[in-house]
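# Observations on the model geometry
As a plain string of letters, each chain reads:
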2 protein chains.
Amino acid sequence: MPLGFQVPDHQVAGHQACDGMVGPLVDDSGHFYKPLQNDERGSAEVAFYTSFSSNNKIPNHIRRFFPLFHGTQLIEASDGSGLHPHLVLQDVVSSYHNPSIMDIKIGSRTWYPEASDEYIQKCFKKDRESTSLALGFRISGLQVHGSKESGFWKPDKKLIKNFTAKDVRLVLRKFVSSNTSADSGVDPDCFFASTVYGGSAGILAQLLELKAWFEDQTIFHLYSCSVLMIYDKDSVSKGRSSGAEVKLVDFAHVVEGKGIIDHNFLGGLCSLIKFISEI
Amino acid sequence: MPLGFQVPDHQVAGHQACDGMVGPLVDDSGHFYKPLQNDERGSAEVAFYTSFSSNNKIPNHIRRFFPLFHGTQLIEASDGSGLHPHLVLQDVVSSYHNPSIMDIKIGSRTWYPEASDEYIQKCFKKDRESTSLALGFRISGLQVHGSKESGFWKPDKKLIKNFTAKDVRLVLRKFVSSNTSADSGVDPDCFFASTVYGGSAGILAQLLELKAWFEDQTIFHLYSCSVLMIYDKDSVSKGRSSGAEVKLVDFAHVVEGKGIIDHNFLGGLCSLIKFISEI
């Protein structure tokens, strides 16, 4: 591990720095270092962040939904393979002690029309086998803080991959419950729903703000991009703010909007909003 | 032709009763007779209208966007092949003299997840070759009234099939222009845009009302369904109401919503709204 860097504690989806694999790193100053993928995905994500940062048509109240971008930097890769270019981003969970996090990939299709047939087929299969096609989104990862004793509930990737619509409904309830556990027999109490999902600063309000922007913006089409929902259960248990935040991440498959709204993202976002509003 | 029936004057898309083909008929009392397709599409459309008519969860202000349903009836088919079951629907254009009409198929995909692979492939190809995939909708047919002398501008089906995003933008402008002509060199003046698209009773206001319902309703998923936009240019020229109306038609590919919003329809509808709002 390069000095001064560490593997993120709270990564719930994506490539992870472990078992000799290259993965993202964080430092103590709240930066998140995401290794650039060698193929066009790496350059596409740099291009997105560069374009987004300098685009003066993005309203300020929308910018807060995106990690801050601090350029790229050559640092030692997490697998010890030498210097590798990394995106330097805001570590969006650094201010949380025990963040409960859900990563939700938005869109009923994760491929863009101009992609190769091979790529489309690969994504299409995944979209069809997951809830993406039916729901317009799929859960890619999550961790829910239980208690000091029980720690986090962080279901296995394989389990998450096979989530059905019914599972998604249940997990969205578990995410804001005080009695979260791996035990599927426990009926989630949704104790924190009104403070985390609801309220003027809650997740639903934030998603609705994003939705209004997506009804209008024709700059970007975000394929295979995720909504992160983050909050701090300890904090809300103690009667403080839940710190509920929505962030968009993963822009390796962003294409130009060419004057057309991102109806694929918007449709999926509306579906997620409906699921959450029913809790 | 069976006595008392005639071929509709103002049909812009779909199977037409001509050249010995079976097609819809109308009568003098404002009914539209749509021959049931022999395969599952016919029964699916009857099932939809029956279910929709009797569903008390459909708000009244939404019902007006659907043709009234008067059951089914055995009548002589338009091709003289004998008695055939028909859907008896409201003829949504019977009250117009020279209606300008556009038929827009909504959704970036026209197939439903449970369909056969063969059917999906067929639709997928059409969606990709038309503007459906990129825009979330495609124009299926249109007629625009010019003047008494010039009559209607009704582009050929083959021409419509090859519409690009740019063509769609132009045609949506031509639809509400006083100088509409087949000549692509003429810049449409959008003379009627504010009265037809705009205003509290205009098409945009109606589409927004529909949108609000689609953000919430989880009863039906409408695949391959069209929005009809209808208005009367003569009427608006004379300073009277434009009679602008939005109707949904073609429900042969409706499936149950199963508690999930129709994000495919909603996304496409939002894209159409954005296109129209820019005019």
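Numbering of residues begins from 1 in every chain and follows the order in which that chain's sequence is written. Whichever chain is written first becomes A and whichever ligand is written first becomes 1, with later ones labelled in order. Restriction of local features to residues with pLDDT of at least 70 applies here, the model being predicted, together with a cutoff of 80 or more for giving and counting side-chain atom pairs; totals for whole chains, interfaces and linings are based on all residues. Side-chain numbers come from the whole structure's heavy atoms, not from hydrogens or water.

### Some points on the environment of Lys233 of chain A
All names here are of chain A.
- Relative to the helices and strands, Lys233 resides in helix α9 (residues 233-237).
- The exposure class assigned to Lys233 is buried, which follows from its relative accessible area of 3%.
- With 134 residues separating them along the chain, Lys233 and Pro99 place their C-alpha atoms 7.2 Å apart.
- If sequence neighbours within four positions are ignored, Lys233 has contacts with Ser100, Val144, His145, Gly146, Ser177, Thr180 and Phe192. Numbering of helices and strands starts at the N terminus; helices are DSSP runs of H or I of at least 4 residues and strands are runs of E of at least 2. Buried residues are those whose accessible area, probed at 1.4 Å on protein chains only, stays under 20% of the maximum for their type, while exposed residues exceed 50% and partly exposed ones sit between those limits. Residue contacts are defined here by distance: any two heavy atoms, one from each residue, within 4.5 Å place the two residues in contact.

### Details of the side chain of Lys211 of chain A
- You can see Lys211 of chain A is positioned in helix α8 (residues 203-214).
- Take Lys211 of chain A: its relative accessible area is 11%, and that puts it in the buried class.

### Description of the sheet that holds strand β4 (residues 83-90) of chain B
Residues and elements named next belong to chain B.
- Taken in spatial order, the 4 strands line up as β1-β2-β4-β3 in an open sheet, and their pairing is antiparallel. On the outer flanks of this sheet lie β1 (25-26) and β3 (69-76), each paired with one strand and no other.
- Here, a strand pair is defined by DSSP locating no fewer than two bridges between the strands. Two elements, strand β2 (residues 31-35) and β4, share 5 bridges in a ladder whose sense is antiparallel. Across the sheet, residue Lys34 finds its bridge partner in β4, namely Leu87.

### Some details on a positive patch on the surface
All names here are of chain A.
- On the surface, Lys122, Lys126, Lys158 and Lys161 cluster together into a patch of positive charge.
- Of all the secondary structure elements, the ones that give two or more residues to the positive patch are α3 (117-129) and α5 (157-161).
- Along the chain, Lys122 falls in helix α3. Surface patches are drawn from residues lacking salt bridges whose relative accessible area is over 30%; two like charges belong together within 9 Å, two nonpolar side chains (Val, Leu, Ile, Met, Phe, Trp, Tyr) within 5 Å. Only the protein chains shown count as covering a residue, and every accessible area follows the Shrake-Rupley method with a 1.4 Å probe. The term salt bridge refers to a side-chain nitrogen of Lys or Arg lying within 4 Å of a carboxyl oxygen of Asp or Glu. Asp and Glu are treated as the negative residues and Lys and Arg as the positive ones, with His and the ends of the chain left uncounted. Charged side chains are reduced to one point each, which is NZ for Lys, CZ for Arg, CG for Asp and CD for Glu.

### Things to note about the pattern of salt bridges
- A full pass over the atoms with the stated rule returns 25 salt bridges over all chains.
- For Arg64 of chain A, the salt bridge identified is with Glu209 of chain A, shortest N-O distance 3.0 Å. In this pair, Arg64 of chain A sits in the loop between α2 (60-63) and β3 (69-76) while Glu209 of chain A sits in helix α8, placing the two residues 145 residues apart along the sequence.
- For Glu209 of chain A, a relative accessible area of 27% puts it in the partly exposed group.
- What emerges from the salt-bridge pattern is a single network uniting Arg169, Lys274 and Glu278 of chain A together with Asp216 of chain B.

Everything listed is a geometric property; what it means functionally is a separate question.
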